[in-house]
Amino acid sequence: MSQQGYVAAPPYSQAQPGMGAYQGGFGSGPTQPLYGHYGGPPQAFSAPPAGMMKSSVAPAASMPLPAGSSQYNPNVQQNGSHPQSYPAPPAVSAPYGQPPHSLYNSMASPGPPPTQQLTNQMSSMNLGRHVQGLQSPPPPASSVVQQPFQTPPPSTMPPGLQSPHMSPLMSPPQSPPESMPMASQSMAGTSMAGMGRPFPGPPPPGPGGFQQPGLGSAGQPGYPQQAGQFGGYMAGPQQNMPGAFPGAQSAMAGPPQKKLDPDSIPSITHVIEDDQVKQGGQVFTTNIRGQVPPLVTTDFTVTDQGNASPRFIRCTTYSLPCTADLAKQCQVPLAAIIKPFASLPKNETPLYVVNHGDTGPVRCNRCKAYMCPYMQFIDGGRRYQCGFCNCVNEVPVFYFQHLDHMGRRVDFYERPELSLGSYEFVATLDYCKNNKPPNPPAYIFMIDVSYNNIKSGLVKLICDELKTLLEKLPREEGMETSAIKVGFVTYNKVLHFYNVKSALAQPQMMVVSDTAEMFVPLLDGFLVNYQDSRAVIYNLLDQIPDMFADTAESETVFAPVIQAGVEAFKAAECSGKLFIFQSSMPTAEAPGKLKNRDDKKLVNTDKEKTLFQPQKGVYEQLSKDCVASGCCVDLFLFPSQYTDIATMADVPSHTGGSVYKYSNFQIETDGEHFLRDLRKDVQKSIGFDAIMRVRTSTGFRATDFFGGIYMNNTTDVEMAAVDCDNGVTVEFKHDDTLSEETGALMQCALLYTTIGGQRRLRIHNLSLNCSSQLSELYKSCETDSLINFFAKSAYRAILNQPLKNVREILVNQTAHMLACYRKNCASPSAASQLILPDAMKVFPVYMNSLMKTAPLVGSTELSTDDRAHQRLSVMAMGVEDTQLLLYPRLIPLHNIDVNSEKPATPVRCSEERLTDSGIFLLENGQSMFLWLGQASSPDLIQSLFNLPSLAHLQGHMCALPELDNPLSRKVRSIISGLLEKRSNSMKLQIVRQKDKPEMLFRQFLVEDKGLHGGASYMDFLCYVHREIRQLLT
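In this text the structure is predicted, and so the values were computed from the model without any measurement. Position labels on residues start from 1 in each chain and follow its written sequence. Only residues with pLDDT of at least 70 are given local features in this predicted model, and only at 80 or more are side-chain atom pairs given and counted; all residues enter the totals for whole chains, interfaces and linings. The basis for the side-chain values is all heavy atoms of the structure; hydrogens and waters are excluded.

For the rest of this paragraph, the subject is the overall build of the protein. Only DSSP runs of H or I covering at least 4 residues are called helices, and only runs of E covering at least 2 are called strands; the numbering of each starts at the N terminus. Each helix and strand counted, the protein has 24 helices and 32 strands in total. Residues classed as buried in the protein amount to 60% of the 1033 residues present. Sequence-distant contacts in the protein: of pairs separated by 6 or more residues, those separated by 24 or more amount to 75%. Note on areas: these come from Shrake-Rupley sampling with a 1.4 Å probe, and a residue is covered only by the protein chains present in the view. Of the roughly 38,600 Å² of accessible surface on the protein, a fraction of 52% belongs to carbon and sulfur atoms. Accessible area is worked out with a 1.4 Å probe on protein chains only. A residue is then buried under 20% of its type maximum, exposed over 50%, and partly exposed in between. Working rule for contacts: check all heavy atoms of both residues, and any pair within 4.5 Å makes them a contact.

Laid out in structure tokens, this is it:
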């Protein structure tokens, strides 16, 4: 297993109470985390149990002192740092409660050091080991191999050149003493290439001007943080502005600063590419316990041979620690992200359906687990031992089968439930409501016909689209037509129900104006089969836009609309989904009326959490009623101002529904984008009235669930509907010791109604390894799953506690997980090196990106509705979606091979990757941008837009013109491929470099400083490194 030793640098090894760009500091966490993992306060590092781990890092003080290093010389030149002579603004140091350092002001800046001295200085670090590139080699058999990234001794090469294999992350071994003037952000190393230009700062004090590791004052707080170094331009500090680093210098004062080469730190695009090269196009067979699957971004095929496909279940680690103490020590969350209805590619076998007739599925008598590959048949096949609770059960007579010479049933391969990880059982009447078979589900389209929706043309757009869309309702495999029934309601302050019975010549409208006591005025003719009533429905859809064409009614109701849907499903004794198209906040007098409670003054206070909390009362009860009736709500919002999404989306987010938001909707620019969402939403595969339970083998259990779900008790996850995009994240805790021999088993059982009206059980089984070696756990971690878990737990935590605490907990836990690895699994090395486990080497990129997402950034510039919307969307996401959201794809199009079938290779999400002459496509599953460099060639512009130059481009284009040339065809096919593949539609926004809308695009460059606050990846990595060293001292 190759473990990366990334070398980072000393300025960060000072413990600082506040971290740049995250307001209010985020050094030490609260003494008792309010949502700490595994209960207790953040763990101090206790010594590992004897004989269990490798020796921890040798005490740094015993290292040889580099020749001539002067211990307390305040003028020591950090390699790559540039002390400068502007004073620190006292106003800004105030938050640290430290007086500004007087020494800081008296710094001189003599000329550049001679190259020779620099070379000596570097060789004196005696850290050189030649390391190939950044890719880690395939894991060797030995359990832990260290791979530090260090510079080869530079004396062997002419100054000014840099070997292509040299990693320019250099590390003077220890932090400077307290008085060291530190005006610069530095990861200590600069690459040597291009050293010709002046290098501001005092010359080094002779060869080897580096601090001795382990001595000096480790950890006095109080160096002002420097802004603007790596992330390009950044505004000067302003009190109370989340954008500025607390304690920042004004941006870019003094000479231009040398940048550390970002290619030398772990890159997500490299990791994704390497995995695609290694495992892309291959078959992943699920016959081995605890096997770590390829990344979600890799194209691979799954063959189910006894464990569920990673498309259905992914885990944060595939090797659980044997004891709760080990779990507590490493603080790596143990969780699974389950997508019970995930779509399978065409070349994978759909799930088999097992039908045991009236007897129903075979289950363990004690724990009720369903028959699966983990049941051990004994006694000649007459009994079986349950793999989950070890209970020995009699085999039912109808199910008996002889065993072969290996103790396996003779019919092993003929029964999916014995040989596969995922399959379905047909459920008997015992599993149905009131012991009656269910009716097929229904879809009700509920259209807000108030003034805004009529004026914008939205109502006509919806009605026209439904004529064709209803032909494509989802249907059972092999069925000619869909069994789903449809119904129609329009509303503003009152509700209009339509009778569209096939026998009628004209649809009939019935009005319910008493919204307080909602009822459905007709039973027969409201929910109909689309094929039978097609003519009447066409008629209705033609009439609706005209009927309300002259409306002046601008107020709407909302809760009664959902209530009407619930009542309709109850009356018809079926489950189903409401599609609600709503224009604004419900302000009409009725239950669920909302008032504007948006208050920017709450941002960055302890009351900020109230902005994310739904208003209590009516909607809480509605969620309960919806789940009980199997009524899922999908909300399409078209707001022009604040609509209190936190409350309006409460029902959708508890019923397995989705919320789509189109602010300031205009048909020309947003129409197609909305229709793509609607089509995907109506056509996706889905199950209704679902209840899910996760069973585990002894020693651990499911304790917490995150998703678009409703929980009445601690074990049953209820969903009015579950579709192919819903991901439920489940956290596990130990309740006993796990055994390395038997491993750990989980079984997810989902009871649901199919779109054809059949009650079924969908079963997914997964077996994991258990280990008493933490190195095994770190080796089999999956970063993409970890970040899904952290995103959901943080987004839930902000409902109950201040953002500052949540961000602190995230950083502390990141540092804790990495420090534990460093202490227990990595081979000894200088404390100044940042060493990351191979499987988690890009975890800090994702974590930093998560902390810059709208819900976790306290900025008054962000809309409260957008923050609430993103919070709720992420709660229901699977691993693919959170991975893409937190690290967008940035694809260069200007140099693309138009004849190649191979997908274009993305580059890192950083401004440094953009070129003035380039054209880039960026997408994160929610937004899509086409960025045009100001110097992009007229030929490219002509090929894509049929315009002579960039200057002719009009604003508000939301699609590329269809032109008959290779580049246009290639780029349009890339875009349509992405729109096809992602679960949501994305509106293409075309932005020119240096235009105002470009700011929107820049917030997706997640490796740079955040627009609304938040560190660059480089700064965050250094910060985390300092926190790790803090924990280890």
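Moving on to the nonpolar core. Core analysis: the biggest nonpolar cluster contains 109 residues, and Tyr778 and Leu850 have the highest contact counts within it. Residue ranges assigned to the domains are those given by an automatic or database domain assignment. When residues of this core are sorted by domain, at least three fall in each of domain 1 (306-441 + 686-772) and domain 3 (888-1005). The contacts of tyrosine 778, once residues within four sequence positions are left out, are Cys330, Val332, Met817, Cys820, Tyr821, Cys825, Pro837, Ala839 and Met840. Among buried residues, the Ala, Val, Leu, Ile, Met, Phe, Trp, Tyr and Cys ones that are joined through side-chain atoms within 4.5 Å form a nonpolar core. Grouped together as the second largest cluster of nonpolar side chains are 45 residues, Met518, Val561, Ala868 and Leu872 included.

The criterion for strand pairing is that DSSP finds at least two bridges linking the strands in question. If you walk across this open sheet you meet the three strands as 9-10-11, and the pairing is antiparallel. Every interior strand has two partners, whereas the edge strands, strand 9 (376-378) and strand 11 (392-394), have only one. Going from strand to strand, the sheet's axes swing by 30° on average, the running direction of each strand aside. Direction of pairing for strand 10 (residues 383-385) relative to strand 11: antiparallel, over a ladder of three bridges. In the strand pairing of strand 11, arginine 383 is matched with glutamate 394. Between the N-to-C directions of two axes lies an angle of 0 to 180 degrees, each axis being a line fitted to C-alpha atoms and, for a helix, fitted only over the stretch in contact.

Now for a nonpolar patch on the surface. Here, patches come from residues exposed beyond 30% relative accessible area and free of salt bridges, joined within 9 Å for like charges and within 5 Å for nonpolar side chains (Val, Leu, Ile, Met, Phe, Trp, Tyr). For this analysis, a salt bridge means a side-chain nitrogen from Lys or Arg found within 4 Å of a carboxyl oxygen belonging to Asp or Glu. Residues Met509, Val511 and Met547 make up a contiguous nonpolar surface patch of about 250 Å² in total accessible area. Mapped onto the elements, methionine 509 comes out in strand 16 (residues 508-512). For methionine 509, a relative accessible area of 35% corresponds to the partly exposed category.

Right, let's talk about the packing of aromatic side chains for a bit. Stacked, edge-to-face and tilted labels apply to pairs of Phe, Tyr and Trp rings (six-membered ring for Trp) whose centres lie within 6.5 Å, assigned for plane angles under 30 degrees, over 60, and everything in between, in that order. Within this structure, the stated rule accounts for 33 aromatic pairs. Taken together, a centroid distance of 5.1 Å and an interplanar angle of 65° make the contact between tyrosine 443 and phenylalanine 579 edge-to-face. Here phenylalanine 579 lies in strand 18 (residues 576-582) and tyrosine 443 lies in strand 13 (residues 442-448), a separation of 136 residues in the sequence. Pair check on accessibility: tyrosine 443 and phenylalanine 579 agree, each one buried. Pairwise contacts between aromatic rings join Phe581, Phe636, Phe638, Tyr660, Tyr662, Phe665 and Phe674 into one cluster. Both a distance and an angle decide whether a charge sits over a ring: NZ of Lys or CZ of Arg must be within 6 Å of the ring centre and within 35 degrees of the ring normal. Here arginine 408 stacks its cationic end above the ring of phenylalanine 412, 4.2 Å away from the centre of that ring. Just above the ring of phenylalanine 377 sits the side chain of arginine 409; from NZ or CZ to the centre is 4.8 Å.

Bringing the packing of helix 17 (residues 803-824) against helix 18 (residues 843-851) into the picture now. Packing of helix 17 against helix 18 leaves a shortest axis separation of 11 Å and a crossing angle of 175°. The pairing of helix 17 with helix 18 is recorded here as roughly antiparallel in orientation. Residues Arg807, Leu810, Val811, Thr814, Met817 and Leu818 of helix 17 lie in contact with helix 18, whose contacting residues are Phe843, Pro844, Met847, Leu850 and Met851. Here is the rule for angles: anything less than 35 degrees is roughly parallel, anything more than 145 is roughly antiparallel, 65 through 115 is roughly perpendicular, and the remaining ranges are oblique.

A separate point is helix 18. Judged by how many residues are buried, helix 18 sits mostly within the fold: nine of nine residues are covered. Buried residues along helix 18 sit against helix 4 (268-279), helix 16 (783-797), helix 17, helix 20 (879-886) and helix 24 (1017-1032).

So, about the sheet that holds strand 32 (residues 988-992). Strand order in the open sheet made by the four strands is 29-30-31-32, with mixed pairing throughout. If you trace the sheet from one side to the other, it starts and ends with strand 29 (889-892) and strand 32, each paired once. Between one strand axis and the next, the sheet turns by 20° as a mean value, whatever way the strands run. The pairing of strand 31 (residues 928-932) with strand 32 spans five bridges and is parallel. Paired with methionine 928 across the strands is leucine 988, a residue of strand 32. Against the sheet, helix 21 (residues 938-945) contacts strand 30 (919-923), strand 31 and strand 32, and its axis sits at roughly 50° relative to strand 30.

A few words now on the side chain of threonine 298. Here threonine 298 shows up in the loop between strand 3 (283-285) and strand 4 (301-303). A distance of 2.6 Å separates the side chain of threonine 298 from the side chain of aspartate 275, its partner in a polar contact. Not counting chain neighbours up to four residues away, the residues in contact with threonine 298 comprise Asp275, Gln276, Gln279 and Gly280. Throughout this description, a polar contact denotes any pair of N or O atoms lying within 3.5 Å of each other; where both atoms belong to protein, one of them has to be capable of donating a hydrogen while the other can accept it, and for residues adjacent in sequence the pair is counted only when both atoms sit in side chains.

For the rest of this paragraph, the subject is the pattern of salt bridges. Counted by the stated rule, this structure contains 46 salt bridges. Measuring nitrogen to oxygen at the nearest pair gives 4.0 Å for the salt bridge that ties lysine 493 to glutamate 553. Remark: glutamate 553 occurs in the loop between helix 9 (534-547) and helix 10 (559-572) and lysine 493 occurs in the loop between strand 14 (485-491) and strand 15 (495-499); sequence separation between them is 60 residues. By relative accessible area, which is 24% here, glutamate 553 ends up partly exposed. Residue arginine 1002 is joined to glutamate 998 by a salt bridge in which the shortest nitrogen-to-oxygen separation is 2.9 Å. A residue pair is termed a helical-turn pair when its members lie 3 or 4 positions apart in one helix, as arginine 1002 and glutamate 998 do in helix 23 (residues 998-1002) at four residues.

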